[in-house]
Amino acid sequence: MARLLALLLFLGLSQAQLTYTLVQGHQPLGQARQSVQPTAQGYLAQGSSFLTGAFQWSDQLFLGPHFHPHRYILKGSLNGRSVSLKVHFGSSIRETVNQAGHLTTLSFHPSDPLYLVDNNLLDGWQVLLLALGHRPQRVEVMIPQSASFGQLDWKPEALERLTLHGRTYQAWRIGATLHVDGQTIALQLWGEAKTHRLLQLEQGPIRFTLGATTLAHPNRKLLAAWASCLTSQPVQVPSTGALLAGTLTLPRGTGPFPALLILPGSGPVDQNGNAPGLGLRDDLYAQLADALSCHGFAVLRYSKLGIPPSTGNADRATLATYIQNVVDLVDFLRHYPGIDPHWIALIGHSEGALIALAAASQVHPAAVVLLEGPGLPLAQVLRQQVTAQARAEGLKPARIQQLLDELSEALKVIRASHGDQLALTGNMASNPYLKIFAPAAGLLRSELAQDPARLANQLAQEKIPMLIVQGLKDLQVLPPNAQALVQADPQATLLEFPRLTHDLVACHEQAVACLLPAPGTPLDPRLIEGLLAWLRSHLG
């Protein structure tokens, strides 16, 4: 009777969807909504969530009278690709997934009743609060987005006071431990004692908190201040059968000026350094270009092949394609009025650093700057990246080894592949890394064949000055990469920044809390100061 009363109280509060703020560290990044309503057959749970463009989901979960699922529907986008799925529950479970037009159908035969949960949507967790309350138990669960099954340990820990947005609630703090695919994921939930309403869900540095908060916007004030000391104009450069669109910024005054070409990192990154499908919206390349142009350098930044407004097909690119793009862009700068053709440098960020190293022998730049760039072969970089991020998230050694084994198998398949893309069949379709690598198999295969240290040694032999920038809070390209580059070119300059992340911002928390910079985050000012000092001493 107490459970029924709580349920009725909750439903009276949830006729309109409850709104939550998605927070990383102390920075709001997105929002979520959820509600549970009674129906003639049981209940209907609905939810939605978004993370600053990285993903956007909405779902409907049709439940029986005991909160077990009958049908589930999800629609949305992940990393810029549309995804939808439908799950029907009966004597067996049938899941149909449509990912960017590619249909997959899966069938399962679970032995026990189960619940549905998802870390990015809250309605499944609200259902668990209503169904389980504050009784400790273990239940079977399904994560439909990954088609995974596991167990959830539900352990109420304390009845305490929780204050959110100035309002205090009496709430149960519940420890929820999810065991799935060899992985253990620890979460904490707070449910209002009186109504069982979900108040907060927390996993590591990420949390959903009841109540809406205004989200930050890109740092336009800083860009506007810099814009007063430069001129900028759009440009288009023909290359590899396409048009590369970019922005050229020039200092105010008379030239000729030394010039810098920014080579962007991997993924769908535009000329400003934003990748909405990945959640990057802090204008890191626009900030970098404007800061350097305000101090006497012409800077060209551009959108990679296939990233609007550039044309072309990024999935058909290889390292040779990107090298030719650099050749054509440097040629454009050397013939542009107001630019000194003898003083042109490459600034490569992340994957762009590898491209800068590979292209230097063809374009003969006056200098090369590597920002968070690989110094070890790509396979080693990826293994370091997977290990570092898994440890930062608290994964157990057995799970980390499983991830590394899956990565090794994926790289083995990529190395043996042919053509620009890879069709996934059989066991390959279940490998999480192959799902990421397959659309650009040709590019990855060409980059796996490179040794950045050997390329850096070639720069040393050609006496091209090189600056290596390494952030000590970078979980994607770790410090051993910078050390490998320095060993290959002892004359290079190494600048290490204790708080710098892979996305060139300062992190004042644990590195895992800064994996995704919040919109509007300025570049680390120490980085700008270090770049300017080195560039002034080596150009012009």
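Basis of the calculations
Residues numbered from 1 in each chain as written. Predicted model: local features only at pLDDT ≥ 70, side-chain atom pairs only at ≥ 80, totals over all residues. Heavy atoms only, no water. Helix = DSSP H or I, 4+ residues; strand = E, 2+ residues; numbered from the N terminus. Buried < 20%, exposed > 50% of the residue type's maximum accessible area, 1.4 Å probe, protein only. Contact = heavy atoms within 4.5 Å. Lys, Arg positive; Asp, Glu negative; His and termini not counted. Charge placed at Lys NZ, Arg CZ, Asp CG, Glu CD. Pairing = 2+ DSSP bridges. Axes fitted to C-alpha atoms, helices over the stretch in contact; angles between N-to-C directions. Parallel < 35°, antiparallel > 145°, perpendicular 65-115°, else oblique. Salt bridge = Lys/Arg side-chain N within 4 Å of Asp/Glu carboxyl O. Polar contact = N/O pair within 3.5 Å; in protein donor to acceptor, adjacent residues only side chain to side chain. Disulfide = S-S within 2.5 Å. Phe/Tyr/Trp six-rings, centres within 6.5 Å; stacked < 30°, edge-to-face > 60°. Lys NZ or Arg CZ within 6 Å of the ring centre and 35° of its normal. Left-handed = near helix turned anticlockwise from the far one by under 90°. Nonpolar A, V, L, I, M, F, W, Y, C, P; charged D, E, K, R; others polar.

Observations regarding the overall build of the chain
Here is step 1 of the chain: When you go through the chain residue by residue, the secondary structure sums to 13 helices and 23 strands.
Here is step 2 of the chain: Viewed in the frame of its principal axes, the chain has a C-alpha envelope of about 80 × 50 × 40 Å.
Here is step 3 of the chain: Counting over 540 residues, the chain shows a buried share of 54%.
Here is step 4 of the chain: Once local pairs closer than 6 in sequence are excluded, the contacts in the chain between residues at least 24 apart make up 59%.
Here is step 5 of the chain: In the chain, which carries 38 positive and 37 negative side-chain charges, the distance between the mean positions of the two groups comes to 6 Å.

Notes on the environment of Ala131
Here is step 1 of the chain: You can see Ala131 is positioned in helix H2 (residues 123-132).
Here is step 2 of the chain: Measuring from C-alpha to C-alpha, the distance between Ala131 and His66 comes to 7.3 Å, with 65 residues separating the pair along the chain.

Notes on the sheet that holds strand E19 (residues 298-302)
Here is step 1 of the chain: The strand order E16-E17-E19-E18-E20-E21-E22-E23 describes an open sheet built from eight strands, whose pairing is mixed. This sheet does not close on itself; its edge strands, each paired only once, are strand E16 (230-239) and strand E23 (493-497). Strand after strand, the sheet turns through a mean of 20° between neighbouring axes, direction not considered.
Here is step 2 of the chain: With respect to the sheet, helix H6 (residues 351-363) is in contact with strand E18 (257-263), strand E20 (339-349), strand E21 (367-371) and strand E22 (466-471), its orientation differing from that of E20 by roughly 145°.
Here is step 3 of the chain: Each of E18, E20, E21, E22 and E23 is contacted by helix H13 (residues 525-538), which is oriented at about 165° to E21, the strand it contacts most.

Describing the packing of helix H8 (residues 397-415) against helix H10 (residues 441-448)
Here is step 1 of the chain: Contact pair H8 / H10: the axes reach a minimum separation of 9 Å and the direction vectors enclose 100°. It follows from the interaxial angle that H8 and H10 lie roughly perpendicular. Between H8, through Leu411, Ile414 and Arg415, and H10, the contact on the second element is made entirely by Ala441, Leu444, Arg445 and Leu448.

A closer look at the pattern of salt bridges
Here is step 1 of the chain: Under the definition given, this model contains seven salt bridges.
Here is step 2 of the chain: A salt bridge links Arg173 to Glu157; the nearest nitrogen and oxygen atoms lie 3.0 Å apart. In this pair, Arg173 sits in strand E12 (residues 167-180) while Glu157 sits in strand E11 (residues 148-164), placing the two residues 16 residues apart along the sequence.
Here is step 3 of the chain: For Glu157, a relative accessible area of 38% puts it in the partly exposed group.
Here is step 4 of the chain: What emerges from the salt-bridge pattern is a single network uniting Glu157, Glu160 and Arg173.

Some points on the side chain of Thr249
Here is step 1 of the chain: Inspection of the secondary structure assignment puts Thr249 in strand E17 (residues 242-251).
Here is step 2 of the chain: On the basis of relative accessible area, Thr249 is assigned to the buried category, the value being 1%.
Here is step 3 of the chain: Within the structure, the side chain of Thr249 is placed 2.6 Å from the side chain of Ser293, a separation counted as a polar contact.
Here is step 4 of the chain: Leave out the neighbours within four places in its chain, and Thr249 touches Leu230, Thr231, Ser232, Ala289, Asp290, Ser293, Phe297, Ala298, Val299 and Arg301.

What about the side chain of Asp328?
Here is step 1 of the chain: Along the polypeptide, Asp328 turns up in helix H5 (residues 319-334).
Here is step 2 of the chain: Buried Asp328, no salt bridge; nearest opposite-charge side chain is Arg334, N-O distance 10 Å.
Here is step 3 of the chain: Of note is the side chain of Asp328, whose polar atom sits 2.6 Å from the side chain of Ser239.
Here is step 4 of the chain: In contact with Asp328, other than residues within four places in its own chain, are Val237, Pro238, Ser239 and Thr240.

As for the state of the cysteines
Here is step 1 of the chain: Inspection of the entire model under this criterion finds one disulfide.
Here is step 2 of the chain: What pairs with Cys229 in a disulfide is Cys294, and their sulfur atoms sit 1.8 Å apart. Its torsion about the S-S bond being 90°, the disulfide of Cys229 and Cys294 is classed as right-handed. Here the residue Cys229 occupies a position in the loop between helix H3 (220-227) and E16, and Cys294 occupies one in the loop between helix H4 (284-293) and E19, the gap between them amounting to 65 residues.

Overview of the packing of aromatic side chains
Here is step 1 of the chain: Evaluated as defined, the whole model comprises four aromatic pairs.
Here is step 2 of the chain: Aromatic side chains Tyr43 and Phe67 sit 4.6 Å apart centroid to centroid with 10° between the ring planes, which places their arrangement in the stacked category. Here Tyr43 is found in strand E3 (residues 43-51), whereas its partner Phe67 is found in the loop between strand E4 (55-63) and strand E5 (69-78), with 24 residues between them in sequence.
Here is step 3 of the chain: Overall, Tyr43 belongs to the buried group, its relative accessible area being 13%.
Here is step 4 of the chain: Among the residues examined, Phe67 registers a relative accessible area of 9% and is labelled buried.
Here is step 5 of the chain: Across from the ring centre of Phe62, 4.1 Å away, lies the NZ or CZ of Arg71, which sits over that ring.

Regarding the pairing of E19
Here is step 1 of the chain: The buried count for E19 comes to five of five residues, which makes it a mostly enclosed element.
Here is step 2 of the chain: Of the two faces of E19, the one carrying Ala298, Leu300 and Tyr302 and the one carrying Val299 and Arg301 are both buried.
Here is step 3 of the chain: Judged from the three bridges that link them, E18 and E19 form a sheet pairing that is parallel. The residue bridging Leu261 from the neighbouring strand is Leu300, located in E19.

Considerations on the packing of H5 against H6
Here is step 1 of the chain: It is the contact of H5 with H6, at a shortest axis distance of 9 Å, that shows an interaxial angle of 65°. Handedness of the crossing formed by H5 with H6: right-handed. Seen from H5, the contacting residues are Leu319, Tyr322, Ile323, Val326, Val327, Val330 and Arg334; seen from H6, they are Glu351, Ile355, Ala358, Ala359, Gln362 and Val363.
Here is step 2 of the chain: For the contact of H5 with H6, the class distribution of residues is 10 nonpolar, one polar and two charged.

None of the figures reported here should be taken as evidence of function without further support.
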